[in-house]
Amino acid sequence: MVHVLRRALLLGMAVAAAALPLRRAAADQFTPAQRAEIVQVVRDALKQDPSILRDAVAALQADEAKRQQQAVVDRLDQMISPADPVGGNPSGNVTIVEFFDVRCPYCRHMEPDMAKLLAQDHQVRLVYKDLPILGPPSILGSRALLAAQKQDGYEKLRTLLMQAPPDITDDTIQAAAKQAGLDWTRLKQDMNDPEIQNRLNANLQLAREMGIEGTPALVVGRQYVSGAMDLPDLEKAVAAQRAKGQPAKG
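Residues numbered from 1 in each chain as written. Predicted model: local features only at pLDDT ≥ 70, side-chain atom pairs only at ≥ 80, totals over all residues. Heavy atoms only, no water.

Looking at the overall build of the chain
Here's step 1: Counting its regular elements, the chain contains 11 helices and 5 strands.
Here's step 2: The buried share of the chain, taken over its 250 residues, is 44%.
Here's step 3: Within the chain, residue pairs in contact and separated by at least 24 positions form 76% of the contacts whose partners lie at least 6 positions apart.
Here's step 4: For the chain, the exposed surface amounts to about 13400 Å²; the carbon and sulfur share of it is 54%. (Helix = DSSP H or I, 4+ residues; strand = E, 2+ residues; numbered from the N terminus. Buried < 20%, exposed > 50% of the residue type's maximum accessible area, 1.4 Å probe, protein only. Contact = heavy atoms within 4.5 Å. Areas by Shrake-Rupley, 256 points an atom, 1.4 Å probe, with all protein chains shown as cover.)

Points about the packing of aromatic side chains
Here's step 1: Per the stated rule, a full pass over the model turns up 2 aromatic pairs.
Here's step 2: Considering the side-chain rings of Tyr 128 and Tyr 154, the 5.4 Å spacing of their centres and the 40 degrees angle between planes classify their relative orientation as tilted. In this pair, Tyr 128 sits in strand E3 (residues 124–130) while Tyr 154 sits in helix H7 (residues 154–163), placing the two residues 26 residues apart along the sequence.
Here's step 3: By way of ring pairs, the aromatic residues Phe 100, Tyr 128 and Tyr 154 are connected into one cluster.
Here's step 4: Over the aromatic face of Phe 100 sits the side chain of Arg 158, whose NZ or CZ is 4.1 Å from the ring centroid. (Phe/Tyr/Trp six-rings, centres within 6.5 Å; stacked < 30°, edge-to-face > 60°. Lys NZ or Arg CZ within 6 Å of the ring centre and 35° of its normal.)

Observations concerning the sheet that holds E3
Here's step 1: Pairing in this open sheet of 5 strands is mixed, and the strands run E1-E3-E2-E4-E5 from one edge to the other. In this open sheet, the two strands that pair with only one neighbour each are strand E1 (86–88) and strand E5 (223–226). Across the sheet, the mean angle separating the axes of adjacent strands is 20 degrees when strand polarity is ignored. (Pairing = 2+ DSSP bridges. Axes fitted to C-alpha atoms, helices over the stretch in contact; angles between N-to-C directions.)

Quick notes on the environment of Val 97
Here's step 1: You can see Val 97 is positioned in strand E2 (residues 94–100).
Here's step 2: For Val 97, a relative accessible area of 3% translates into the label buried.
Here's step 3: Taking the C-alpha atoms as reference points, Val 97 and Leu 126, separated by 29 residues in sequence, lie 5.9 Å from one another.
Here's step 4: Setting aside its immediate chain neighbours within four residues, Val 97 contacts Met 79, Ile 80, Val 127, Lys 129, Ala 217, Leu 218 and Val 219.

Thoughts on the pairing of E3
Here's step 1: The buried fraction of E3 is high, at 7 of 7 residues.
Here's step 2: The alternating pattern of E3 places Val 124, Leu 126, Tyr 128 and Asp 130 and Arg 125, Val 127 and Lys 129 on opposite faces, both of which are buried.
Here's step 3: In this structure, E1 lies alongside E3, joined through 3 bridges in antiparallel fashion. Residue pairing across strands places Gly 88 opposite Arg 125, the latter belonging to E3.
Here's step 4: The pairing of E2 with E3 spans 7 bridges and is parallel. In the sheet register, Glu 98 faces E3, and the bridge partner there is Tyr 128.
Here's step 5: With helix H5 (residues 105–120) bridging E2 and its parallel neighbour E3, the resulting β-α-β unit is right-handed. (Right-handed = clockwise from strand over helix to strand, strands pointing away.)

Concerning unusual backbone geometry
Here's step 1: Here the amide bond leading from Thr 215 into Pro 216 is cis, since omega sits at -5 degrees, within 30 degrees of zero.
Here's step 2: With respect to the element layout, Pro 216 can be found in the loop between helix H10 (194–210) and strand E4 (217–220).
Here's step 3: Phi is positive for Asp 152, close to 55 degrees, though the residue is something other than glycine.
Here's step 4: Turning to its location among the elements, Asp 152 is positioned in the loop between helix H6 (136–149) and H7.

A look at the packing of H5 against H7
Here's step 1: Closest axis-to-axis distance for the H5/H7 pair is 10 Å, and the angle between their directions is 120 degrees. As far as their axial angle goes, H7 and H5 are oblique. In this structure, H5 meets H7 at a crossing whose hand is left-handed. The residues of H7 that touch H5, namely those facing Cys 107, Arg 108 and Glu 111, are Arg 158, Leu 161, Met 162 and Gln 163.
Here's step 2: Classifying every residue of the contact of H5 with H7 by side-chain character gives 3 nonpolar, 1 polar and 3 charged. (Parallel < 35°, antiparallel > 145°, perpendicular 65-115°, else oblique. Left-handed = near helix turned anticlockwise from the far one by under 90°. Nonpolar A, V, L, I, M, F, W, Y, C, P; charged D, E, K, R; others polar.)

Re the pattern of salt bridges
Here's step 1: Here the structure, examined in full by the defined rule, presents 7 salt bridges.
Here's step 2: Here Asp 167 makes a salt bridge to Arg 103, at a shortest N to O gap of 3.4 Å. Of the two residues, Asp 167 is situated in the loop between H7 and helix H8 (170–179) and Arg 103 in the loop between E2 and H5; the sequence distance between them amounts to 64 residues.
Here's step 3: The exposure class of Asp 167 is exposed, given its relative accessible area of 54%.
Here's step 4: The shortest N-O distance in the salt bridge between Asp 193 and Lys 150 comes to 2.6 Å. Taken as a pair, Asp 193 in the loop between helix H9 (184–190) and H10 and Lys 150 in the loop between H6 and H7 lie far apart in primary sequence, 43 residues in all.
Here's step 5: Given the relative accessible area of 38%, Lys 150 is considered partly exposed.
Here's step 6: Through salt bridges with shared partners, a single network forms among Glu 98, Glu 111 and Arg 158. (Salt bridge = Lys/Arg side-chain N within 4 Å of Asp/Glu carboxyl O.)

And the structure:
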């Protein structure tokens, strides 16, 4: 929001500058006196009509949403890798891609609703994209999950880690791995596989290209959604994409 407000104020200054007589030089050519005059014009305008800033912010937010949605659409074909863990129906007619951090409280809050969606709608494919952005414990957790995938235990371990204390440690992972029936010695060794870090790096790079700045971030069919969704919103988003006949990607 802060950067949106800043852009809105800069937009207001540009509009005000254009309205001043003989003030059509580039912004970096304004003298201190001219800049002070522009700022005063903006302040006076906002005092007289505060809705100017509200409308500018709304317009900028709408513009950023459109650009991010287009960035998602442009990357649909490369968004899903055959190596990505999959939940739900692998052949479902609507795909949800979930960028998540195993320690993210909002991701954890959404877990029960996502589980209910998969339990009641057997035509949804859920693709997990580990995005460890909350520090070293998140990286440790993500490496453990991708290592567990080699033992067909990704979802089992994910469920347990999402319910465990967020300060994930080797002890946390070992306890969860044993509870999930995984080979801890093998898991610990696989966590150091360079290929796992390469996969995480690829997820982080993709998120940067898409403009994802936090978790959870969802792509439902061809629609990008930033932030957690409750069950009714998930159902609506899936129904909307199904009505459009959006094919599953990847």
